[in-house]
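Listed below are the residues making up each chain.
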Amino acid sequence: MMLIIANVRERWSGFLGAFLAVLVGVALITTTLIIHGSSRPTVQDRYAGAAALALPERALDQEGSPEDRMPWSRAEAAPIRAELEAVPGVAAVVVDRSFYAQAVRDGEPVADEGAAEAGHGWGSALMAPYRLVSGRAPNGNGEVVVDRALGVAAGSELTVNITAGRARFTVVGTVDGPGYYFGEAFAAGQRPGVGALALIPDEGASAAAIASGARQVLGDRGDVLSGDARSELQPLYIEHKRDLGVQLIGAMAALGLFTTVFVVASMLVLSTGMRRREIGLLRTIGAAPGQIRRMILGEAAVVGLLGSVVGCLAGIAAAPLLRDILKGLDVTPPGMEITVSAWPLLTASAVGIGVSVIGAWAAGRKAAKVAPIEALLDSGPASHAMGRGRWITGLSVLGLGAVLAVATATTDADNRVGMALFATMTLIVAAALLAPALVGPVGRFLTAPFQKRGSAAAVLIRSELTANLRRAASLVAPVIAAVGFAVLLSGAVETMRVAYPAGEALKVAGQTIVTPDGTPGNTDEVVAANPVGKASVPTRAFVGEKRTVLDVLGTRDARWNKPGEAVLGRRTASDLGLEQGRSVPVRFADGTVVTLRISAVLPDDPARGDFVVARDLVRAHDPAALTDDIFVPAGHRASAEVPGTALHDAMRYALDDYDTDARLTDSLAAMLIVIAVGYSVIAVANSMAMAAHGRRRDHSVMKSAGGTVRQLLVLAAGETALLVVVGAGLGVLVTLPPLAGMASGLAQATSSDVGLHLNGGAVAAAIIGTLIAAVVAGVTVTGRTLRKSA
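Residues numbered from 1 in each chain as written. Predicted model: local features only at pLDDT ≥ 70, side-chain atom pairs only at ≥ 80, totals over all residues. Heavy atoms only, no water.

Quick look at the overall build of the protein
For the protein, the helix and strand inventory stands at 20 helices and 23 strands. Within the protein, buried positions represent 51% of all 790 residues. Of the contacts made within the protein by residues no fewer than 6 positions apart, 81% connect residues no fewer than 24 positions apart. With the model as given, the accessible surface of the protein reaches about 33900 Å², and the carbon-plus-sulfur share is 60%. (Helix = DSSP H or I, 4+ residues; strand = E, 2+ residues; numbered from the N terminus. Buried < 20%, exposed > 50% of the residue type's maximum accessible area, 1.4 Å probe, protein only. Contact = heavy atoms within 4.5 Å. Areas by Shrake-Rupley, 256 points an atom, 1.4 Å probe, with all protein chains shown as cover.)

Structure representation (structure tokens):
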């Protein structure tokens, strides 16, 4: 052990690159784990005063996983509520209802990202509890209590947009919390189904005892949630933000983990390969192969431990910066805080140490085979050629990457980018494994024109590549990763930017689209102002005896708008085991079960919907559901007279629809590119510096033979630039198949001509940045060694 620590201390410059790579990787993983842990669902303020929540049982989605809960009907909820009120310690049981409500001022809706679920019955105010600041509780249908922050005094008139459209209400009171609180009868009319019963405790009552008693009462009719479990009930907009943030953090963590493994492994292989003479000397004085392996693994473990400790500290320090970036992108749930706990630090440290040891295992296995005679040699035959195992592994990984690239074209839209990223990672590994067989021929090809002119530098560069292909391959590996990820991520964004708007515009060509503007959906007032065109109203319903949950669309299209009938897409019909002419029970949002006849099973068509019923049927059982975009056909007038709506032609609609997510996609892609390229550039600089330091004897010999400092620096810059060019070329090549597969898949999905598009600026920046970092590092270390030798 003392020998290992002494080696690390004496050869710290040789281990510096691996140390920095582990440090950066562990810092990134620590930061993402800390942020991920803090982005878990939290109990909303409006449930703070509820000891427990009684919720209906869950339904299953089409894959058989638990999904939405099936609301109780009024008749089902009434006896359950009465039984829960009898639980000791319960002061009241409140029916919690949420529906669309949004104030309208000066002819425009007041901005509110939570408007889709801002309306409640007055009883829901008791759950926080929110206190009446002024006025009284609402009684009649025309009364409302609002948040005092809205700035409306009790006794004033206020226009509130609800699902039916704009309506005038009298503000009878204000509270110290968000939301619009109506009379219970009005709230029940907006949301007839009962999705949650809140148990309000007596003063001093035990929440745990209340929850236990409620579970005994409820039995298998639902679930009782208490404590942190109450976080299950979150507004949709918060859930959406949390999902976006988790996806981004997950992508960053996966990219950071892969880059860490890839970079650390390549740098340890490079570092160990440069010690062949030292290891040969140890073998000469009697060191056994097992001792060599243990020494290399021990050194890697020490470096990994040191890098992990510093990386954890750096990750903790960087977490607030990442949180602020996520907030700027609007992908964090409200109130997200950073809480440092043991498991993220231990996990990140385990990754850092594990990656170092695993990366050193391959290098140590090869180093243990060094013969004692190699202490007298500058290079060995093992550095000239690829072994059989590396050929087999490299070609196998290359084949897997090709399969994944093909799969990118056929996978569904939600997984296409992830599949392309996975395929690129695989091909990057394949390129790194096969690099020793590629670097020599490519280097000879690139230096051939200079050699014909009699350039001595070209001859030396070509000779260096030929003499040590493995070292050159290790130097090229991080360049492949840096350029590869830059090409993939920027190219994916550019390809999607062209594909999605083109495909969407093609689908709605000639139509005028009425879209919400500052509201979460179109109200019935907007639908009435546009009586012609597709105006689907979505609802969640529970179909069949198994009560599978899925989206049901209510349509006013005369072909499908028939009472008592439903039209299904083939895939949905197959999943549900239904066929034309069959009848199926459907449970709607109000808890009512309606039996529908399957009038037709048609080819899947996203524009029509997978399960389509009459619009009036959905409206009767889900009064709070808002209408999707309205598509008015050519030759008919579209109206945007109702506040909160806007008109778009086909192309403008397609561009605006994509731009909503494109701005976020661009920002997320830029972050991932910065992480991948920045990390790889650090690795490139470290690798080139290590290589330059390792060649100090070569430089001294060339200087003794008459080489000037300027000539040697030019030679170092030329060697480095050539390696970067080779790595950049391979980095571009490994990303073209996944991008081509993505373009092919998008062309099929959008029914439009989609080609492969690259972001020249991002690719050029990655190549130039990598080149500058590598050349500066190589030249700087070479200059320092030459000055010391002088």
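Still to come is the rest of the account.
Details of unusual backbone geometry
With an omega dihedral of -10°, the bond running from A128 to P129 counts as a cis peptide bond. If you trace the backbone, P129 turns up in the loop between β7 (119-121) and β8 (132-135). Here the phi dihedral of D106 falls at roughly 50°; this positive angle occurs in a residue that is not glycine. Following the sequence through the fold, D106 ends up in the loop between β5 (102-105) and β6 (108-109).

Side note on the side chain of S536
Residue placement: S536 occurs in the loop between α14 (524-529) and β16 (537-543). The class of S536 is buried, set by a relative accessible area of 3%. Not counting chain neighbours up to four residues away, the residues in contact with S536 comprise L553, G554, R615, T627 and D628.

A few points about a nonpolar patch on the surface
Taken together, the side chains of L305, V309, V310 and L313 make up a nonpolar region of the molecular surface, amounting to roughly 350 Å² of accessible area. Assignment of secondary structure puts V309 in helix α8 (residues 289-328). (Patch = residues over 30% accessible without salt bridge, like charges linked within 9 Å, V, L, I, M, F, W, Y side chains within 5 Å. Salt bridge = Lys/Arg side-chain N within 4 Å of Asp/Glu carboxyl O.)

Let's talk about helix α10 (residues 388-410)
Between its first and last C-alpha, α10 extends 34 Å over 23 residues, near the 33 Å set by a 1.5 Å rise per residue. Restricting attention to buried positions, one finds in α10 the residues G394, V397, G401, L404, A405, T408 and A409. (Expected span 1.5 Å × (residues − 1).)

Describing the nonpolar core
Ranked by internal contacts, the top residues of the largest apolar core, which has 54 residues, are M252, L255, I428, V439, I480 and F485. Those elements that place two or more of their residues in this core are α2 (12-38), α6 (236-273), α8, α11 (413-452), α13 (469-507), α17 (650-694), α19 (709-750) and α20 (760-789). Ranked by the residues each element gives to this core, the list is headed by α13, at 14 residues. Every residue in contact with F485, bar those within four places of it in the chain, is listed here: L255, F258, T259, L421, M425, I428 and A676. With 22 residues, the next largest nonpolar core counts V584, F611, V613 and A614 among its residues. (Core = buried A, V, L, I, M, F, W, Y, C linked by side-chain atoms within 4.5 Å.)

Focus on the pattern of salt bridges
In this structure the tally under the stated criterion is 20 salt bridges. For the salt bridge of R81 with E85, the shortest nitrogen-to-oxygen distance reads 3.8 Å. With a gap of four residues between them, R81 and E85 both fall in helix α3 (residues 74-85), about one helical turn apart. We classify R81 as partly exposed; its relative accessible area is 33%. We note a salt bridge from E143 to R136, for which the minimum N-O separation is 2.8 Å. Among the charged side chains, a salt-bridge network with shared partners connects R58, R69, D223 and E232.

Side note on the packing of aromatic side chains
Under the counting rule described, the total for this entry stands at seven aromatic pairs. Note on F99 and F182: the rings are 5.7 Å apart at their centroids and 40° apart in plane angle, and the pair reads as tilted. Linking F99 in the loop between β4 (90-95) and β5 with F182 in strand β12 (residues 180-182), this pair joins segments that are 83 residues apart in sequence. An identical accessibility class is assigned to F99 and F182; each is buried. Each ring, one from W122 and one from Y181, has its centre 6.2 Å from the other, and the planes form 90°; the classification is edge-to-face. Residue W122 is found in the loop between β7 and β8, and its partner Y181 is found in strand β12; the two are separated by 59 residues along the sequence. With a relative accessible area of 1%, Y181 lands in the buried category. Within the aromatic cluster, the residues linked to one another by ring pairs are F99, F169, F182 and F186. (Phe/Tyr/Trp six-rings, centres within 6.5 Å; stacked < 30°, edge-to-face > 60°.)

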